[in-house]
2 protein chains.
Amino acid sequence: MKQADISQVSHYLQQLQDNICHGLETEDGLATFTEERWNHTGGGGGRTRFMAKGKVFEKGGVNFSHVRGDTLPKAATVTRPHLAGRKFQAMGVSLVMHPDNPYVPASHANVRLIIAEKPGSDPIWWFGGGYDLTPYYAFEEDCVHWHKTACQACLPFGENIYKNYKKWCDEYFYLKHRKETRGVGGLFFDDLNEWDFEKCFAFIRAVGESYLQAYLPIVQKRKHESFGEREKSFQCYRRGRYVEFNLLYDRGTIFGIQSGGRTESILMSLPPTVQWQYNWQPTEGTAEHRLTEKFLIPRDWV
Amino acid sequence: MKQADISQVSHYLQQLQDNICHGLETEDGLATFTEERWNHTGGGGGRTRFMAKGKVFEKGGVNFSHVRGDTLPKAATVTRPHLAGRKFQAMGVSLVMHPDNPYVPASHANVRLIIAEKPGSDPIWWFGGGYDLTPYYAFEEDCVHWHKTACQACLPFGENIYKNYKKWCDEYFYLKHRKETRGVGGLFFDDLNEWDFEKCFAFIRAVGESYLQAYLPIVQKRKHESFGEREKSFQCYRRGRYVEFNLLYDRGTIFGIQSGGRTESILMSLPPTVQWQYNWQPTEGTAEHRLTEKFLIPRDWV
């Protein structure tokens, strides 16, 4: 891996951030992203872009960051614990969109490159990322579209890529203490360097570029559904699960917090309004009950 | 430690739960606690008591549990990691009250006994607990009353007890990623077995019994303050910090989740309505700004 490779990825990620922001702003039609640039204490920095109170999106953020640090946090790699403590660079685009309308699912996407460095040794690098969908009122056809788009993006890279990364996503976005998945999944991968750098980078681009193709048609289809207090209240309740996952399990969040990242950028992923009600249970036969019974379990969607 | 000691503590804790629930119900004047009994998969169980939509308390829970498990989770003891994996018993009362009025602080209290057992060895036991106060609109005199009551409760047990456990509380209820304390502190202690069993148990009782003396006068003083959307919105925003602490740092929560505890009882501590706004900052000179500047730092209150 050369310095030119690193710069190339960093440059691409900023372009990706631009493109995704543009697509989401166009879809929203009212709110635009506000940018904040910041510097990391260890070196590097980021471009945080957030929006709030849009016509479609109640809250959302699309962040680019490229930071350096002196000691790679434990949360950065599960499969290579011996690298913890190395100098590192981490760069990525990470986004979460929380729509206002409970019929429009929340979505998350991330692509990242991590490089662990040691004087006198070759740097060790790996890519990671993926995207996943979190509906509150779920529709089978939306899940099929989301997963088919993910599958198409993976196909040029191998026959089992979608299958493996879809499975990894189901396993990763899982709330053990609730015995349910965070949403209906998508793709998740980490520690990717089994191909050469060029192919890995091409894969990251395929994932990054298919995100809007996967998400926007669902937003367009559902954003005009009418809803009332019942749906909004259920959305706020379910968003509690989103918070629980991000703070209890999410490696990206914990990596960010451990590595002294910028708190407001990391926790931008948290939903705008959230409710916790003690032991609330949906009534059987309702759409709210169907969500946990039929959707928040690993399923074959393609 | 004899079986009779264990039964005695378990019995006392249930009485404490009764007394605290009675005091809080009387203060609320409208809502009452609903009880749910549950069994733990590993043995034992608990009495969850919750209230919602009271006149004073928007949400609250006072839980008793006494559970057995086959392998002590790591989160149970920081100072004795070699005990992780032992059979154990854990019993305690844990409570969190979230008032509706933003001028009334939230409060948390906990007393617990943990026993790590090993065939052929004497059981190893230790107590833990404490209480802490989380104001959103803070008053110096309330903090002084809270801490003086805590100090009085500790005094018979030694001159430095309050000082040490107050310091431990400031250190424990600290959000590193925010560089602020969760609230204005109080008492926190863990791994307590430096005295004999009788004295430790007496200390736990002193802590348990002083909680209402510390909290109720503050509730009484502030519950009639008038408030509007601004105060409610700030309270919901600050409650986000409460969630961040409990899910990112709190050993009780993580112990509960790791040991396969009852999710709804453990996460009963989470506030009813919470908001996250990207990078919101209070205006200098306001009460909201004073909270972080003057109160959410370790201070000498007695």
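Values in this document were obtained by computation on a predicted structure and should not be read as measured data.

Focus: the overall build of chain A
Scanning chain A from terminus to terminus reveals eight helices and 10 strands. On C-alpha atoms alone, chain A measures out to a radius of gyration of 19 Å, which is about the 19 Å that the 2.2 N^0.38 rule sets for 302 residues. Overall, chain A is about 65 × 40 × 35 Å in size when its C-alpha atoms are taken along their principal axes. Counting every position in chain A, which comprises 302 residues, the buried fraction comes to 61%. For chain A, contacts bridging at least 24 residues in sequence account for 71% of all contacts bridging at least 6. Here chain A displays about 12,600 Å² of accessible surface, and carbon together with sulfur accounts for 50% of that area. Computed over 37 positive and 36 negative side-chain charges, the separation of the two mean positions in chain A equals 3 Å.

Focus: the side chain of Ser-107 of chain B
Positionally, Ser-107 of chain B belongs in strand E5 (residues 106-117). For Ser-107 of chain B, a relative accessible area of 0% corresponds to the buried category.

Thoughts on the interface of chain A and chain B
It is common to give the size of an interface as the accessible area that goes away when the parts come together. Every contact between the two is made by 28 residues of chain A and, on the other side, 28 residues of chain B. Roughly 2,600 Å² of surface becomes buried between chain A and chain B when both sides are summed, with 61% attributable to carbon and sulfur atoms. The three residues of chain A that bury the most area against chain B are Glu-264, Trp-276 and Tyr-278 of chain A, which together make up 32% of that side's buried surface. On the surface where chain A and chain B come into contact, there are two salt bridges. Between chain A and chain B we count 17 residue pairs in polar contact (both at pLDDT 80 or more) in total. Of all the elements in the fold, those that place two or more residues in the side of chain A that touches chain B are strand E2 (44-52), helix H5 (229-248), helix H7 (263-266) and strand E10 (273-275) of chain A.

A few points about the nonpolar core
Core analysis: the biggest nonpolar cluster contains 69 residues, and Leu-24, Met-97, Phe-127, Phe-203, Tyr-211 and Tyr-215 of chain B have the highest contact counts within it. Looking at which element gives the most residues to this core, the answer is helix H4 (residues 197-222) of chain B, with 14 residues. If we ignore the near neighbours within four places in the chain, the residues touching Leu-24 of chain B are Phe-33, Phe-57, Val-62, Met-97, Tyr-211, Leu-212, Tyr-215 and Leu-216 of chain B. By size, the runner-up hydrophobic cluster in this structure holds 68 residues, among which are Leu-24, Phe-157, Tyr-211 and Phe-234 of chain A.

Concerning the relation of the copies chain A and chain B
Its rotation angle being 180°, the transformation that places chain A on chain B also includes 0.0 Å of axial translation and leaves an RMSD of 0.0 Å. Viewed as a symmetry operation, the transformation between the two copies matches a two-fold axis. Same-surface contact between copies: 100% of interface residues of chain A are shared with the interface of chain B.

Considering the sheet that holds strand E1 (residues 34-39) of chain A
Residues and elements named next belong to chain A. Taken in spatial order, the seven strands of this open sheet run E1-E2-E3-E4-E5-E6-E9, and their pairing is antiparallel. Of all strands in the sheet, those with a lone pairing partner are E1 and strand E9 (185-192), marking the two edges. Across this sheet, the average inter-strand angle for adjacent strands is 5°, counted without regard to direction. Bridging between E2 and strand E3 (residues 57-69) involves nine bridges; their strand directions are antiparallel. Along E3, the bridge assignment pairs Gly-44 with Val-67. Packed onto the sheet, helix H4 (residues 197-222) meets E3, strand E4 (87-99), strand E5 (106-117), strand E6 (124-134) and E9 and runs at close to 10° relative to E6.

Describing the pairing of E5 of chain B
Two faces belong to every sheet, and in a regular strand the side chains alternate between them. Residues and elements named next belong to chain B. Across the 12 residues of E5, 11 count as buried, placing the element largely inside the fold. Pairing analysis gives 11 bridges linking strand E4 (residues 87-99) to E5, with the strands arranged antiparallel. Bridging across to E5, Val-96 finds its partner in His-108. Hairpin remark: E4 followed by E5, antiparallel, with six residues in the connecting loop.

With respect to the pattern of salt bridges
Any two side chains of opposite charge can pair, on the condition that their charged atoms come close. Residues and elements named next belong to chain A. Applying the stated criterion across every chain, the model contains 50 salt bridges over all chains. For the salt bridge of Asp-100 with Lys-232, the shortest nitrogen-to-oxygen distance reads 2.8 Å. Residue Asp-100 is located in the loop between E4 and E5, and its partner Lys-232 is located in helix H5; the two are separated by 132 residues in the primary sequence. Relative accessible area serves as the criterion here: at 25%, Asp-100 is assigned to the partly exposed category. You can call Lys-232 buried: its relative accessible area is 19%. Residue Glu-180 pairs with Arg-241 through a salt bridge whose shortest N-O separation is 2.7 Å. Taken together, the residues span a long stretch of sequence, with Glu-180 in strand E8 (residues 180-181) and Arg-241 in helix H5 at a distance of 61 residues. Both residues of the pair, Glu-180 and Arg-241, belong to the buried class. Among the ionic contacts, a cluster of salt bridges with common partners joins Asp-18, Glu-35, Arg-37, Arg-47 and Arg-49.

With respect to the confidence of the model for chain A
Residues of chain A with pLDDT of at least 70 account for 100%, and the chain-wide mean is 94. Overall fold confidence for the complex sits at a pTM of 0.94, while the interface term, ipTM, reaches 0.92.

Criteria and thresholds
- Residues numbered from 1 in each chain as written.
- Chains lettered and ligands numbered in written order.
- Predicted model: local features only at pLDDT ≥ 70, side-chain atom pairs only at ≥ 80, totals over all residues.
- Heavy atoms only, no water.
- Helix = DSSP H or I, 4+ residues; strand = E, 2+ residues; numbered from the N terminus.
- Rg over C-alpha atoms; globule rule 2.2 N^0.38 Å.
- Buried < 20%, exposed > 50% of the residue type's maximum accessible area, 1.4 Å probe, protein only.
- Contact = heavy atoms within 4.5 Å.
- Areas by Shrake-Rupley, 256 points an atom, 1.4 Å probe, with all protein chains shown as cover.
- Lys, Arg positive; Asp, Glu negative; His and termini not counted.
- Charge placed at Lys NZ, Arg CZ, Asp CG, Glu CD.
- Buried area = accessible area lost by both parts, 1.4 Å probe.
- Salt bridge = Lys/Arg side-chain N within 4 Å of Asp/Glu carboxyl O.
- Polar contact = N/O pair within 3.5 Å; in protein donor to acceptor, adjacent residues only side chain to side chain.
- Core = buried A, V, L, I, M, F, W, Y, C linked by side-chain atoms within 4.5 Å.
- Least-squares fit on C-alpha atoms with pLDDT ≥ 70 in both.
- Pairing = 2+ DSSP bridges.
- Axes fitted to C-alpha atoms, helices over the stretch in contact; angles between N-to-C directions.
- pLDDT = per-residue confidence, 0-100.

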